[in-house]
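Descriptive structure summary
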Amino acid sequence: MMKNILGKGLRDIPAPDVANEKYWETVWRRFKKHKLAMIGIVTVAVILLLALLVPMLSPYDPNKSLNVFNEAPSLLHPLGTDQVGRDVMTRLFSAVRISLLVGLMATGISTVIGVLLGLVSGFFGGWVDMLIMRITDIIMSFPYILLVLVAAAVFEPGLWNIILILGFVDWPGIARLVRGSVLSLRETNFVKASEVAGMSKAHILFKEILPNTVAPILIYTTSVLALSILDEAALSFIGMGVQAPTASLGNMLNNAQNLTILTSRPWLWIPPGVMIILLVVAINFVGDALRDAMDPTSGK
Amino acid sequence: MVKYILKRLAIAIPVLIGITIIDFTLSNLAGSPLDMLVGPRVSEAAKLAKEVQLGLDKPVIVQYFIWLKQLLVGNLGYSTKSYQAVSEMIGSHIGPTLLLMGSSFVVGILIALPAGIYSAVHQYSKADYAIVTLSFLGTSIPSFFLAMLLTYIFTVVLGWLPSAGMTTLGVGGGTWDIIKHMIMPVIVLAVGMAGTNIRYIRSAVLEILGKDYIRTAKAKGIGRFKVINKHALKNAMVTVITIFGMEIPSLFGGAVIVEQVFSWPGLGLLMMSAINNRDFPTIMGVCLLSAVVVLLGNLITDLLYAVVDPTIKYN
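Every value quoted in this text rests on a predicted model; they were computed, and no experiment measured them. (Residues numbered from 1 in each chain as written. Chains lettered and ligands numbered in written order. Predicted model: local features only at pLDDT ≥ 70, side-chain atom pairs only at ≥ 80, totals over all residues. Heavy atoms only, no water.)

**Describing the overall build of chain B**
Regarding its fold elements, chain B presents 12 helices and 0 strands. Listing every helix and strand of chain B by position from the N terminus yields α-α-α-α-α-α-α-α-α-α-α-α. A principal-axis box enclosing the C-alpha atoms of chain B has dimensions of 85 × 60 × 30 Å. The proportion of buried residues among the 315 residues of chain B is 45%. In chain B, the proportion of contacts linking residues at least 24 apart, taken out of those at least 6 apart, comes to 71%. As displayed, chain B offers around 15,800 Å² of accessible surface, 68% of which is attributable to carbon and sulfur atoms. (Helix = DSSP H or I, 4+ residues; strand = E, 2+ residues; numbered from the N terminus. Buried < 20%, exposed > 50% of the residue type's maximum accessible area, 1.4 Å probe, protein only. Contact = heavy atoms within 4.5 Å. Areas by Shrake-Rupley, 256 points an atom, 1.4 Å probe, with all protein chains shown as cover.)

Next up, the structure:
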């Protein structure tokens, strides 16, 4: 990567018009240099496309038994069938849909809560800040999985409850991050200028401070998304997450938790595991590249 | 220093109270243990007697204070399932968990620290890319899937390692037997921990290497070894300590999953069976304990800061 920039390739590439480009153009130009992140984006896109098309075009129902049990992969069933007689490939890609749904919704919920609380906490300070930060401390003191497990036991495991639980447990990190950026932004001259100019608090908060926190929030949410997908998988794996017959990447592995399947039916447990790794690695690569690309202090 | 410790403790106390409230509320929402008493032989009168016996007929707030008062004298209550004292149950399960967490912590550090430092010192080299890519893989692989892969390789194919429990039944244990049972769970936990931390350590060291005093040290010509080991690493330690301090909660959480997969007889297994049985005194006990461990971990991290970084003054 570095060699391309510094090495002989330099003369062949037309120099970008760095001085006049917009912020997002800079981000994209820097982002493109990360090979792994580009591979990550392509991977996610391919998986998304397959998740959209496979269950739609597949002749099989992901939750219906075909009465052919534990069949090894064949042309008819590219990933074989499971112990209930369902087509594994159709199930795998409908599981991707569910896992992504959980990940995206949970991330969305925690981001909204975290950003709002972080903005309020950092901007108003005082006892509001004190209260919000102590709640954050308390939630962060519980080992995350333990809290989610107890919550899942309380509210009965299931698709929507898992989304809500992950969403409501995951916000403290974002809240702290946003609060931190708000505190430092409040000291900047452009915010002080607006205050002196008599702008309303809402204007300063939403039109001046919020846009400047978008980059760190976006970077953080990619890691929250990756973690949410992993957490859903872990919870469903131990039977406290998405419940059968709905397929999720985690509960597909739950069914494979015995030595017979482990030994002689690898098509039942390797594909969902590899799919989780692919998705999460790809998302993490993208997040890492975003961190580099969005850093305003980077000179590149 | 003493004043600083007291101040930290004073901040920790409201958090601790908050923890007990959340803990109590959650497990009360979890449903009454009376729900487990169903069947034609259980009469309403028996249920009522049980309710009074367990103190469940009192208002929730009163129940909370009864529980809190007992807590202060070290009584975590009795399991509604096995009628054993919760503190006793925790006592008999905490050893294996601490053994597992401690070993994984050490192995995780032994992997992450050298790899992270090497990666930073050799930035943009092939080895650096390889380490960073591997560390991404380490964070992204679900612990239970890695556990299944390892079981497949080491138990099914090679037959070297046992896949469940802490000792072989009948043989009765011995150190080597326990170590054999520990290898796979420790690898799983350590890989997850190292995966995340390699990149943090790498960027911490990189940041230090970019500082002016490092350039000065280099310019003095004291040699690469001294620049890195004497000037850079010592300063990077402050960040490194925080990074590892933050690992304690996720190790605790990771242990729950890993103990499930490998049937490791620790707090994670205890917790899961308690959840399945709606045994909420036990759930509350384990949650509370883990939260206290996390709080203590944070406190120790803060104190280590003071030891490592002489520029931090606590007055």
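Moving on from the model shown.
**Thoughts on the overall build of chain A**
The helix and strand tally for chain A stands at 13 helices and 0 strands. Listing every helix and strand of chain A by position from the N terminus yields α-α-α-α-α-α-α-α-α-α-α-α-α. Its C-alpha atoms give chain A principal-axis dimensions of roughly 75 × 60 × 30 Å. Taken over 300 residues, chain A has a buried fraction of 50%. By sequence separation, contacts in chain A at least 24 residues apart represent 69% of the contacts at least 6 residues apart. For chain A, the computed accessible surface area is about 14,300 Å², with 69% contributed by carbon and sulfur atoms.

**Focus: helix α2 (residues 23–32) of chain A**
Listing the buried residues of α2 of chain A in full gives Thr 26, Val 27, Arg 29, Arg 30 and Phe 31 of chain A. Here the buried face of α2 of chain A lies against α3 (35–57) and α13 (266–294) of chain A.

**Looking at α3 of chain A**
Between its first and last C-alpha, α3 of chain A extends 32 Å over 23 residues, near the 33 Å set by a 1.5 Å rise per residue. Along its buried surface, α3 of chain A packs onto α2, α4 (88–124) and α13 of chain A. (Expected span 1.5 Å × (residues − 1).)

**A look at the interface of chain A and chain B**
Many descriptions give the size of an interface as the accessible area lost when the pieces come together. Listed by partner, the interface residues are 42 residues for chain A and 44 residues for chain B. Together, the buried faces of chain A and chain B total about 3,900 Å²; carbon and sulfur atoms form 84% of this surface. By the criterion of area lost to chain B, the three top residues of chain A are Ser 141, Phe 142 and Leu 146 of chain A, representing 15% of everything that side buries. Where chain A touches chain B, the interface holds 0 salt bridges. Counting the contacts that link chain A with chain B gives 1 residue pair in polar contact (both at pLDDT 80 or more). (Buried area = accessible area lost by both parts, 1.4 Å probe. Salt bridge = Lys/Arg side-chain N within 4 Å of Asp/Glu carboxyl O. Polar contact = N/O pair within 3.5 Å; in protein donor to acceptor, adjacent residues only side chain to side chain.)

**Description of the packing of aromatic side chains**
Enumeration according to the criterion identifies 10 aromatic pairs over all chains in this entry. Taking 5.2 Å as the distance between ring centres and 70 degrees as the angle between the ring planes, the aromatic pair formed by Tyr 64 of chain B and Phe 65 of chain B counts as edge-to-face. Owing to a relative accessible area of 10%, Tyr 64 of chain B belongs among the buried residues under this scheme. Pairwise contacts between aromatic rings join Trp 269 of chain A together with Phe 145 and Tyr 152 of chain B into one cluster. Sitting above the plane of the Phe 123 of chain A ring, Arg 186 of chain A keeps its charged end 5.7 Å from the centroid. (Phe/Tyr/Trp six-rings, centres within 6.5 Å; stacked < 30°, edge-to-face > 60°. Lys NZ or Arg CZ within 6 Å of the ring centre and 35° of its normal.)

**Some thoughts on the packing of helix α9 (residues 189–196) of chain A against helix α10 (residues 201–237) of chain A**
Residue and element names in this part refer to chain A. At a minimum axis distance of 11 Å, the contact between α9 and α10 shows a crossing angle of 175 degrees. Taken together, α9 and α10 sit at an angle that is classed as roughly antiparallel. When α9 is examined against α10, the residues Phe 190, Val 191, Ser 194 and Glu 195 are found in contact with a partner set consisting of Ile 204, Glu 208, Ile 209 and Asn 212. Residue composition of the contact of α9 with α10, grouped by class: 4 nonpolar, 2 polar and 2 charged. (Axes fitted to C-alpha atoms, helices over the stretch in contact; angles between N-to-C directions. Parallel < 35°, antiparallel > 145°, perpendicular 65-115°, else oblique. Nonpolar A, V, L, I, M, F, W, Y, C, P; charged D, E, K, R; others polar.)

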